[in-house]
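Each chain, letter by letter, is given below.
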Amino acid sequence: MDVGHPSTCRSRGATGGSGATDAEVRVPGTVVVGLGGIGSAAAYHLAARGATVLGLDPRLPGHRDGSSHGRSRLVRQAYAEGPEYVALTTAAWRLWHELEQASGTRLLTESGVLAVAPIGGALVADTLAAARAHGLPVEHLTATAIRDRFPAFRVADGWEGVLEREAGFVDPEATVRTHHRLAQEHGAEFRAERVVDIAFGAHPLVRTDVAAYRADRVVVAAGPWAPELLAATGLRIVARRKVVAHFAPTDPRALGADAMPGFSIQHDGHLYYGFPDHDGQGVKIGRHDGGEDTTPDTIDRVVRPDEVAELRGVLERFLPGAAGADLDAYSCMYTMSSDEDFILGALPGAPACFVATGCSGHAFKFVPVLGEVLADLALGVRPRYDIGFLSPDRAAARASAAIDR
Ligand SMILES: Cc1cc2nc3c(=O)[nH]c(=O)nc-3n(C[C@H](O)[C@H](O)[C@H](O)COP(=O)(O)OP(=O)(O)OC[C@H]3O[C@@H](n4cnc5c(N)ncnc54)[C@H](O)[C@@H]3O)c2cc1C
C-alpha cells in the first residue's frame, strides 16, 4: 500500500500535541488502530480483499503488554456464554483451519475441551444447551467416565462434564505474527506509531505521535488501551487485571495434549480454565472471573503468592499430577464490557468508525472471524453473521451501564 508522505500532502492546520506533524496524510482506505489479536486479523482480511490498509501500533507483533500474549487460548464451539455466539464460533473454527493453510503455520492444537461442574452446574448445562441448539457433537460425561477417559482428572462423584472434541487451543503470539506477515504480504502497510487521538467523523482523522492520517474508515482494536482511546465515545469498558500460572507436571505422560483436553472447571463460585502441558510450557491455569479494574499504565505486574496458591489449589484438587513446581506466573488484562458480550460494530453516529472492544476475556477463539467481520464492515459489506447482539448501540455498551466483578 502507498500512503502519501506528510511533506507531500496539504496541511490542514494544527494537529496539536505529542509531536505530531501539522500535515495530514490521506489514506484512501482503512486505518487499523491496534495490531494485536483482533486488529492484525482485520488488517489481514482487508488486505487480502485488495483494500488499502494502514495499520498503526507502537509495539512489536507478539508483545506481552496487552491481551494476546502467551502460547495458548481455548477455542470452543458449543458456547456456554450464549448460543447466539455459535454462528461465530463455528465460522471461526473453519477460519482457523483456513488460516493455517494460507500461512503454512500450525496454530491450532485439537486437544478437545472438557467442561467440568457439579451436577446441575451452569457451565455444563449451558454448554450442552448451546450444543443441542446448534447440533454440535459433544459428549455428556459422568464423573466415572471422566476418570476413565482422562486419568489425570480427579473428579468426585456428584460432578459431571461435557467433552467437545472439535475444540482445543491456539497459539496467540504465533497467530498475531502470522496475521502481520500475511497482511503485509497482501500489501498492508504497518507503522510503529502510537495513536494519540481519533476524531470520529465521516472521514476520521487519526493522529499519532508522528503524523495525522485522514482515512475513509477507521477500525479501532486497541485491547486494554481502548478505555482510554475510546473515552470520548461513551462506551462502557474497563481493563481488568488477571493472573495466570504455569506448573510443571509430575506425571507428564497423562498431562500432554495427546492425553488430556483443555479444560474449564466451575468450582466454589469461580470459573477456572486451563491447558495441557504443551511445548515445554507446563500446565497453565487461570481464573476467568474476579480481578481488579486497572489500566495498562498502572497494572500491578507482580503476582502475589496467594494468587499462585489459589491456582495451585485447584490443580491439586482436580489435576493433582499437574501441581508440580512453579514454572511461571504473570498478570495480564481483559477489557470488560458490562454484560461481558463484545462491543462490535460502527460507533453510534459515526458510520465510518468501527470498534472491536469489551471482549471480556473470551475473544481470541473468534479472532479470524472478527477480522472477517471488521473487514466486511469497513468495506460496506453486510456480515453474513448476526452481530446485532454485540452492537455498540445497545444499552449495556453505553457509559451508564454498571460493570460487575
Ligand atoms: C490471560 C488471558 C487468557 C485468555 N484466555 C482466553 C481463552 O482461553 N480463549 C479466548 O477465546 N480468549 C481468551 N482471552 C481473551 C483474548 O485473549 C482477548 O479477548 C484478545 O486477545 C483481545 O485482543 P485485542 O486485539 O483486543 O487486544 P491486544 O491483542 O492487546 O491488542 C491491542 C493492540 O493495540 C495496541 N495499541 C494500544 N494502544 C494503542 C495506540 N494508542 N495506538 C496504536 N496501537 C495501540 C497495542 O499495542 C496492542 O498491540 C484471554 C485473555 C487473557 C488476558
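Residues numbered from 1 in each chain as written. Predicted model: local features only at pLDDT ≥ 70, side-chain atom pairs only at ≥ 80, totals over all residues. Heavy atoms only, no water.

S.K.: With reference to specific residues and values, describe the site of the ligand.
M.R.: Taken together, the neighbourhood of the ligand is formed by 35 residues, with Asp57, His63, Ser68, Leu74 and Lys365 sitting nearest. Here an oxygen atom of the ligand sits 2.6 Å away from a polar atom, N or O, in the side chain of Asp57. Between Arg59 and the ligand, the recorded distance is 2.8 Å, taken from a side-chain N or O atom to an oxygen atom. If the ligand stood free it would expose 1000 Å²; the protein chains cover 96% of that surface. Where the shell around the ligand is concerned, the elements lending two or more residues are helix H1 (37–48), strand S3 (73–75), strand S15 (270–275) and strand S18 (326–337). (Near = heavy atom within 4 Å. Polar contact = N/O pair within 3.5 Å; in protein donor to acceptor, adjacent residues only side chain to side chain. Areas by Shrake-Rupley, 256 points an atom, 1.4 Å probe, with all protein chains shown as cover. Helix = DSSP H or I, 4+ residues; strand = E, 2+ residues; numbered from the N terminus.)

S.K.: Help me get a handle on the layout of surface pockets, residues and values and all.
M.R.: Considered as a void within the structure, the second largest pocket measures approximately 220 Å³ in volume. What lines the second largest pocket is a set of 13 residues, among which Val243, Arg287, Gly291, Glu307 and Glu310 lie closest to the centre. If you list the elements that add at least two residues to the lining of the second largest pocket, you get strand S13 (237–247) and helix H8 (305–318). Partitioned by chemical class, the residues of the lining of the second largest pocket number two nonpolar, two polar and nine charged. (1 Å grid on protein atoms, 1.4 Å probe; cavity = no way out; pocket = protein on both sides within 12 Å on 5 of 7 lines; lining within 4 Å. Points joined across faces, edges and corners; volume = space filled by probe spheres on them. Nonpolar A, V, L, I, M, F, W, Y, C, P; charged D, E, K, R; others polar.)

S.K.: Talk me through the packing of aromatic side chains; I want residue IDs and the actual numbers.
M.R.: In this description, an aromatic ring pair is defined by two values, namely the gap between the centres and the angle between the planes. Under the criterion given, the structure shown has 12 aromatic pairs. Their ring planes at 85° and their centres at 5.3 Å tell us that Tyr79 and Phe366 sit as a pair that is edge-to-face. Placement of Tyr79 in the loop between S3 and helix H2 (86–103) and of Phe366 in the loop between strand S20 (350–357) and helix H9 (367–378) is noted, with a sequence separation of 287 residues between them. With centroids separated by 5.8 Å and ring planes inclined at 80°, the aromatic side chains of Phe169 and Phe275 adopt a geometry described as edge-to-face. (Phe/Tyr/Trp six-rings, centres within 6.5 Å; stacked < 30°, edge-to-face > 60°.)

S.K.: Hey, could you go over the nonpolar core for me, with residue numbers and the actual values?
M.R.: Core analysis: the largest hydrophobic core is formed by 56 residues, its most contacted members being Ile38, Leu88, Trp96, Val369 and Leu374. Mapped by element, the contributors of at least two residues to this core are H1, H2, helix H3 (122–134), helix H5 (172–185), S20 and H9. Lining this core are residues from two domains, each supplying at least three of them: domain 1 (6–66 + 173–236 + 339–397) and domain 2 (112–169 + 238–337). Sequence-distant contacts of Ile38, defined by excluding residues within four places in its chain, comprise Ala221, Ala356, Cys359, Ala363, Val367, Leu370 and Leu374. Counting residues in each nonpolar core, the second largest holds 31 residues, with Ala245, Met260, Val308 and Val314 among its members. (Core = buried A, V, L, I, M, F, W, Y, C linked by side-chain atoms within 4.5 Å. Buried < 20%, exposed > 50% of the residue type's maximum accessible area, 1.4 Å probe, protein only. Domains from an automatic or database assignment. Contact = heavy atoms within 4.5 Å.)

S.K.: Hey, could you go over the pairing of strand S11 (residues 205–208) for me, with residue numbers and the actual values?
M.R.: Both faces of the sheet carry side chains from a regular strand, because those side chains alternate between them. Alternating positions in S11 separate into two faces, Leu205 and Arg207 on one and Val206 and Thr208 on the other, with burial throughout. Taken together, strand S10 (residues 195–199) and the strand that follows it, S11, pair antiparallel across an intervening segment of five residues. Of the pairings in the sheet, the one linking S11 to strand S12 (residues 212–220) comprises three bridges and is antiparallel in character. The partner of Arg207 across the bridge, within S12, is Ala212. Remark: three residues form the turn of the hairpin made by S11 and S12, two consecutive strands paired antiparallel. (Pairing = 2+ DSSP bridges.)

Such coordinate-based values are descriptive only and should not be taken to indicate function.
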